[in-house]
Amino acid sequence: MNSPDDHLETLHTLQLAFNLAPVGMCVSRQRVVELCNETFARQFGYEVDELLGKPLAPLYPSMDEFTHVGNLGLPVMRERGTYNDERIMRRRDGSLFWCHVAGRALDRSDPFACAVWMFEDISERRPVTTSLTLREREIAQHLVTGSTSKQIARVLGISPRTVEAHRGRLLKKYEATSHGELVARLVGGA
């Protein structure tokens with residue numbers, strides 16, 4: 001049988017793991033920060049106290065992207081209980097960075113009621129080097145996962161021709177001559 005001291009020591013160890021995790025950790029309720037660690041706050045340019053009780057929306061490049069990611073993630077979390085992707089996020093100073101995000105819902109039937117999130121800044125290996133529109137960022141996010149134009153079109157509710165037009169603009173912006181070269185540049189490999 002565990003003593004109250006054992007319980008307190010375990011609780012302290014869990015708090016230590018959360019607070020010192022090398023990745024950003026966040027507990028959210030209805031997409032509002034309930035609790036976060038220092039790594040999470042620092043990678044977005046805030047102090048922990050500045051984020052507590054605040055919505056996650058300002059950490060996205062735009063309100064449209066906040067809404068779009070929520071619309072993508074909600075059905076996946078209902079089905080699986082988890083969601084992850086790589087997306088562009090926004091720091092307090094307005095600078096953008098690529099971030100790997102993974103989350104788990106407490107209750108799959110209402111995923112946003114309470115979820116635990118991990119945010120890993122991957123900008124060292126995938127820097128944001130080119131200014132992109134909202135739609136270009138959305139398409140780039142799907143291109144780096146290997147999605148086809150048809151798959152991207154289905155997810156975004158646009159035509160495959162529109163995806164191809166945006167892909168063409170991305171090729172120009174990144175001075176890439178092929179789809180493979182574009183993806184390599186998007187992921188920071190070239």
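In what follows, the structure referred to is the one given above.
(A) Main features of the pattern of salt bridges. By the definition in use, this model includes 10 salt bridges. Here arginine 92 and glutamate 50 are joined by a salt bridge, their closest N and O atoms 2.8 Å apart. Of the two residues, arginine 92 sits in the loop between β3 (82-90) and β4 (96-105) while glutamate 50 sits in helix α3 (residues 48-51), which places them 42 residues apart along the sequence. Note on glutamate 50: relative accessible area 31%, which makes it partly exposed. Of the charged contacts in the structure, one is a salt bridge between glutamate 86 and arginine 125, with a shortest N-O distance of 3.9 Å.

(B) Layout of the layout of surface pockets. Its volume calculated, the largest pocket comes out at about 300 Å³. Forming the boundary of the largest pocket are 13 residues, of which Tyr83, His142, Thr145, Ser147 and Val155 lie nearest the centre. Of all the elements in the fold, those that place two or more residues in the lining of the largest pocket are α4 (63-80), β3, α5 (134-143) and α6 (149-156). Split by residue class, the lining of the largest pocket holds five nonpolar, six polar and two charged.

(C) View of unusual backbone geometry. Backbone geometry places arginine 31, a non-glycine residue, at a positive phi of 65°. With respect to the helices, strands and loops of the structure, arginine 31 is situated in the loop between β1 (24-29) and β2 (32-36). Under the relative-accessibility criterion, arginine 31 is labelled buried at 14%. Its identity as a non-glycine residue notwithstanding, glutamate 175 has a phi of 50°, on the positive side.

Procedures and definitions
Residues numbered from 1 in each chain as written. Predicted model: local features only at pLDDT ≥ 70, side-chain atom pairs only at ≥ 80, totals over all residues. Heavy atoms only, no water. Salt bridge = Lys/Arg side-chain N within 4 Å of Asp/Glu carboxyl O. Helix = DSSP H or I, 4+ residues; strand = E, 2+ residues; numbered from the N terminus. Buried < 20%, exposed > 50% of the residue type's maximum accessible area, 1.4 Å probe, protein only. 1 Å grid on protein atoms, 1.4 Å probe; cavity = no way out; pocket = protein on both sides within 12 Å on 5 of 7 lines; lining within 4 Å. Points joined across faces, edges and corners; volume = space filled by probe spheres on them. Nonpolar A, V, L, I, M, F, W, Y, C, P; charged D, E, K, R; others polar.

By themselves, these are just geometric observations and shouldn't be taken as functional.
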